[in-house]
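Coordinate analysis (summary)
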Amino acid sequence: MLSLTEQFIDNTWVPSRSVALDPVIDPYREVTIAEVTRGDPADVDAAVAAARRAMPGWRDTPEARRGEYLKAIAAGLEARREGLAELSSRNNGKPLAEAHQDMHDAIACYRYYADAAVALGRRQGQVDASGSEGISARRYWDPIGVVGLITPWNFPLVSSAWKLAPALAAGCTVVFKPSEITPLPERVLTEIIMEAGLPPGVVNLLHGDGESIGAPLCRHPGIDKLSFTGSTPVGETVMRAAAKGVRPVSLELGGKSPILVTEDADLELARDLVMAGICFNAGQMCSATSRLLVHERLADDLYAAIDAAMGALRPGNPLAEGTDMGPLVSATQRDRVQSYLAMADREGLHSKTPVPALPERGFFVAPRLYRDVPPSSRLWREEIFGPVLCARRVADDEEAIALANDSEFGLAATVVAGNPDHAEAIARRLEAGNVWCNVDQVAPPQGSWGGMKRSGIGRELGEAGLDAYLESKRITRPETH
Ligand code: NAD
C-alpha cells in the first residue's frame with residue numbers, strides 16, 4: 001500500500017518528523033488505499049525555511065519566465081489528465097465526468113495565470129498620475145512573500161490551482177497543505193512541478209492534518225500571507241492566527257446559497273439548475289444552492305419535478321459509466337449529513353423524495369427535497385454539505401430576495417426567471433459574490449470567486465486573484481527631461 005510518510009520540501013521528499021499515519025480511504029469501496037503522515041510542526045519549520053531561501057531568486061525571476069513554468073505545469077496536468085481524473089475520483093468519490101471537469105478547470109487556471117504573469121511584467125513601472133508639477137510617479141507590484149496555502153477535499157487540484165497559479169505568477173514562494181482526506185491528486189502535482197523544472201523551495205507541499213500542520217503553518221512567523229479554503233469555524237481560527245504580525249489573509253469559506261425561481265421561469269430549466277446546484281459532487285460544494293425559493297404558482301410542479309429527478313438518479317461506482325452521483329467523501333461526512341436528516345425527522349419536516357437504490361457499500365446518502373421548511377429550522381440555516389435541498393414557496397420576488405439575503409453566508413446564488421434581464425435585476429439585490437442567472441454554476445479563471453458576510457474575505461480567480469498575492473508600490477521622484 002502507498003505510504004505517504006514524506007514531505008515535499010526543496011524539491012525532494014524528506015521523511016516527516018511524525019511517525020503517526022492516517023488512512024486514506026476510497027469512499028466507494030470503503031477500503032484504505034494509502035496512508036498519509038499526520039505531519040509535525042517541525043515539518044512546517046523546514047518547509048518555511050526552504051520557501052524563504054527560494055524567495056529572492058523566484059521574486060527576481062522575470063514574470064514571463066514564471067509564466068513559462070506555469071504553462072509547463074498546465075502541460076504536465078494535461079499529459080496526466082486521464083490518470084489524475086481517475087485518481088481524484090477514487091480518492092474523493094466524485095463521478096469520473098466531474099473529475100474530468102475539475103481537470104479542465106485546473107489546467108485552464110494555470111494557463112490563465114501564465115498569461116497573467118506576462119501581463120504583470122508589462123504593467124510594471126506604468127506611469128501613475130503624480131498630482132504635482134515637476135514630479136513623476138510610477139507603479140510597481142511586488143510579491144507579498146512566502147505564502148501559506150490550505151485547501152479542503154471537495155475539489156482536489158482545482159482549489160489548489162486557484163491559489164498556487166496566482167501565487168507563483170506573482171512571485172511568491174509557497175508552503176501548501178492539501179486536505180489529509182484527499183492527499184493523492186496533489187501528490188502527483190509535486191511530480192509535475194519537478195518535471196516543470198521549478199527551482200527548489202518555490203513550492204513545498206506538506207501532508208498532514210489541521211492540528212499538526214495547518215495550525216502551525218498559520219502561526220508561523222515566516223509566513224507573510226495566508227490563503228485558506230475550508231469551513232467558516234476554521235477560517236476564523238486562521239484569521240486570528242494571521243492577526244499576529246498583521247498578516248493579510250484570504251478566506252474562501254462556507255455557504256448556504258439560495259436558488260430563486262420566479263413566477264415566469266421555465267420549469268425544466270429550473271429543475272435542471274436546482275438539480276445541478278444540489279447534486280453535483282453529491283452536494284459537497286461551498287456554492288451548493290441548498291435553499292430553494294420558488295414562486296407559489298410553480299412550487300408544487302417544481303417540487304414534483306425535483307422529486308422525480310432525484311428519484312431517477314443513479315448513485316453508484318464513481319468510475320463506472322452512467323453513474324450520476326458518487327458517495328460522500330468520508331464516513332464522517334456521511335454521518336454529519338445523516339444527523340441533519342434525523343434532525344429533519346425530529347422537526348417534523350416533510351420529504352416525499354423517492355430514495356433510489358443505493359449500493360451496499362460506500363458512504364452514500366440519497367438526495368432529498370424538504371418542502372416548505374421554516375426559515376428558523378437549522379436545516380434551512382446551516383451548511384449541510386450533502387445532497388439535501390430545503391425549499392419554501394414565496395408570494396413574490398420581494399419575499400424571495402428578503403429570504404435569500406436572510407443568511408449569515410453570502411457566497412453564491414442562482415436566479416431562474418423568464419427573461420435574463422429580470423433575473424439580473426434580482427441578482428443585483430442579492431448578497432452573494434457570484435450570481436448565476438438562468439445558467440449553470442460556471443467558474444472560469446477569468447471570473448471572480450469569493451463570498452460576502454461569513455463566506456469569506458477576498459476574491460480568487462481573475463485579476464483580483466493575482467492581486468491577492470501582490471503588494472502595490474508607488475515610486476515618486478522629480479521629473480527629468
Ligand atoms: P475544514 O475547514 O475542516 O478543512 C479545510 C482545511 O483546513 C483542511 O486542509 C484541514 O486539514 C485544514 N485545517 C483544519 N483545521 C485547521 C486549523 N486549525 N488550522 C489550519 N488548518 C486547518 O473544511 P473541509 O471539511 O475540508 O471542507 C469543507 C468546507 O470547506 C465547507 O465548509 C465548504 O463550504 C468549504 N469550502 C469553501 C470553498 C469556497 O470557495 N468558499 C470551496 C470549497 C470548500
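Structural notes, computed from the coordinates. What you are looking at is a predicted structure, and each value in this text was computed from that prediction instead of being measured. (Residues numbered from 1 in each chain as written. Predicted model: local features only at pLDDT ≥ 70, side-chain atom pairs only at ≥ 80, totals over all residues. Heavy atoms only, no water.)

**Observations regarding the overall build of the chain**
Convention followed: The helix and strand labels rest on DSSP assignments: H or I over at least four residues marks a helix, E over at least two residues marks a strand, and numbering proceeds from the N terminus. For a compact globule the rule gives 2.2 Å times the number of residues to the power 0.38, and the radius of gyration it is set against comes from C-alpha atoms. Contact between two residues is taken to exist if any of their heavy atoms lie within 4.5 Å; hydrogens are not considered. All accessibility values rest on the Shrake-Rupley procedure with a 1.4 Å probe; residue burial counts only the protein chains present in the view. His is not counted, nor are the chain ends; Lys and Arg add positive charge and Asp and Glu add negative charge. One atom stands in for each charge, and that atom is NZ of Lys, CZ of Arg, CG of Asp or CD of Glu.
Within the chain one finds 15 helices and 22 strands. Relative to the compact-globule value of 23 Å for 481 residues, the chain shows a C-alpha radius of gyration of 23 Å, a close match. Taken over the C-alpha atoms alone, the chain extends approximately 70 × 65 × 40 Å along its principal axes. Of the contacts formed within the chain by residues at least 6 apart in sequence, a portion of 73% connects residues at least 24 apart. For the chain, the accessible area works out to roughly 19,000 Å², and carbon and sulfur atoms hold 52% of it. Charge centroids of the chain, computed over 50 positive and 64 negative side chains, lie 5 Å from each other.

**A look at the layout of surface pockets**
Quick note on the threshold: Definitions used throughout: a 1 Å grid over protein atoms alone; a cavity as a set of points that fits a 1.4 Å probe which cannot get out; a pocket as an open set with protein on both sides within 12 Å along at least five of seven lines; a lining residue as one with an atom within 4 Å of a point. Grid points are joined across faces, edges and corners, and a volume is the space filled by probe spheres set on the points.
Taken as a whole, the largest pocket spans an internal volume of roughly 970 Å³. Lining the largest pocket are 40 residues, and of these Pro-152, Trp-153, Ser-179, Glu-180 and Ile-181 lie nearest its centre. Going through the elements one at a time, strand 4 (21-26), helix 7 (210-219), strand 11 (225-229), helix 8 (232-243) and helix 11 (331-346) are the ones with two or more residues in the lining of the largest pocket. Broken down by element, the lining of the largest pocket gets its largest block of residues, five residues, from helix 7.

**Observations concerning helix 13 (residues 397-405)**
Put simply, the test is: Accessibility here uses a 1.4 Å probe with only protein chains present; expressed as a share of the type maximum, an area under 20% marks a residue as buried, one over 50% as exposed, and anything in between as partly exposed.
All of the buried residues in helix 13 are Ala-400, Ile-401, Leu-403, Ala-404 and Asn-405. Where the residues of helix 13 are buried, they touch strand 13 (257-261), strand 14 (289-295), strand 16 (388-394), helix 14 (420-427) and strand 20 (452-453).

**Remarks on the pattern of salt bridges**
Side chains that carry opposite charge are capable of pairing whenever their charged atoms lie near each other. Applicable threshold: Any carboxyl oxygen of Asp or Glu that lies within 4 Å of a side-chain nitrogen of Lys or Arg is treated as forming a salt bridge with it.
Applying the stated rule across the entire model yields 32 salt bridges. A salt bridge links Glu-86 to Arg-90, with the nearest nitrogen and oxygen atoms 3.4 Å apart. Of this pair, Glu-86 and Arg-90 both sit in helix 3 (residues 81-92), separated by four residues, roughly a single helical turn. Overall, Arg-90 belongs to the partly exposed group, its relative accessible area being 27%. Among the ionic pairs, Arg-454 bridges to Glu-408, the shortest N-O distance being 3.2 Å.

**Brief notes about the sheet that holds strand 22 (residues 470-478)**
Applicable threshold: Strands qualify as paired when DSSP identifies two bridges or more between them. An axis is simply a line fitted to the C-alpha atoms; with a helix, the fit covers only the stretch in contact. Between two such axes, the angle follows the N-to-C directions and lies from 0 to 180 degrees.
If you walk across this open sheet you meet the three strands as 6-7-22, and the pairing is antiparallel. For this open sheet the edge positions go to strand 6 (126-128) and strand 22, each flanked by a neighbour on one side alone. Averaged over all pairs of adjacent strands, the angle between strand axes in this sheet comes to 40°, irrespective of strand direction. The sheet contact formed by strand 7 (residues 135-143) and strand 22 spans nine bridges and is antiparallel. What sits directly across from Ala-137, in strand 22, is Thr-476.

**Re unusual backbone geometry**
Although it is not a glycine, Ala-282 sits at a positive phi angle of roughly 50°. Among the structural elements, Ala-282 can be located in the loop between helix 9 (267-279) and strand 14. Among the residues examined, Ala-282 registers a relative accessible area of 3% and is labelled buried. Unusually for a residue other than glycine, Lys-453 sits at a positive phi of about 50°.

**Quick word on the side chain of Thr-61**
Inspection of the secondary structure assignment puts Thr-61 in the loop between helix 1 (41-59) and helix 2 (63-79). Of the residues examined, Thr-61 reaches a relative accessible area of 16% and is grouped as buried. When neighbours within four sequence positions are excluded, Thr-61 is seen to be in contact with Arg-66 and Tyr-69.

**What about the site of the ligand?**
Using the following cut-off: Throughout, near means a residue has at least one heavy atom within 4 Å of the molecule or strand. Pairs of N or O atoms are called polar contacts if they sit within 3.5 Å, as long as, within protein, a hydrogen donor faces a hydrogen acceptor (for residues adjacent in sequence, only side-chain-to-side-chain pairs).
Close contacts around the ligand come from 27 residues, with Thr-151, Glu-180, Ser-231, Leu-253 and Glu-383 the closest. Within the side chain of Ser-231, an N or O atom sits 2.6 Å from an oxygen atom of the ligand. At a separation of 2.7 Å, a nitrogen atom of the ligand approaches a polar backbone atom of Leu-253. Of all elements in the fold, only helix 7, strand 11 and helix 8 reach the threshold of two or more residues within the shell around the ligand.

**A short note on the environment of Leu-226**
Checked against the element boundaries, Leu-226 lands in strand 11. For the pair Leu-226 and Lys-177, spaced 49 residues apart in the sequence, the C-alpha separation amounts to 11 Å. For Leu-226, the contacting residues outside a window of four places in its chain are Gly-148, Leu-217, Cys-218, Val-238, Ala-242, Arg-247, Pro-248, Val-249 and Ser-250.

**Remarks on the nonpolar core**
As a reminder, the rule being used: Residues belong to a common nonpolar core when they are buried Ala, Val, Leu, Ile, Met, Phe, Trp, Tyr or Cys residues joined through side-chain atoms within 4.5 Å.
Formed by 114 residues in total, the largest nonpolar core has its most connected members in Ile-73, Leu-77, Tyr-110, Leu-292 and Leu-379. For this core, the element with the highest residue contribution is helix 4 (residues 96-123), accounting for eleven residues. Within the second largest apolar cluster, 23 residues are counted, among which are Ile-213, Leu-217, Phe-228 and Leu-251.

**Some points on the sheet that holds strand 19 (residues 434-437)**
Sheet architecture is open: six strands sit in the order 15-16-14-13-18-19, paired in parallel fashion. If you trace the sheet from one side to the other, it starts and ends with strand 15 (368-370) and strand 19, each paired once. Within the sheet, the average angular offset between the axes of one strand and its neighbour, ignoring direction, is 20°. Bridging between strand 14 and strand 16 involves five bridges; their strand directions are parallel. Among the inter-strand pairings, Val-294 is bridged to a residue of strand 16, identified as Arg-393. Lying over the sheet, helix 10 (residues 296-311) contacts strand 13, strand 14, strand 15 and strand 16, oriented at roughly 140° with respect to strand 14. Together, strand 13, strand 18 (412-416) and strand 19 form the strand contacts of helix 14, whose direction differs from that of strand 19 by roughly 160°.

**Notes on the side chain of Ser-250**
Along the chain, Ser-250 turns up in strand 12 (residues 249-252). Owing to a relative accessible area of 10%, Ser-250 belongs among the buried residues under this scheme. A distance of 2.7 Å separates polar atoms of two side chains, one belonging to Ser-250 and the other to Lys-225. Ignoring any residue separated from it by four or fewer positions in sequence, one finds Ser-250 in contact with Lys-225, Leu-226, Ser-227, Phe-228, Ile-457 and Ala-468.

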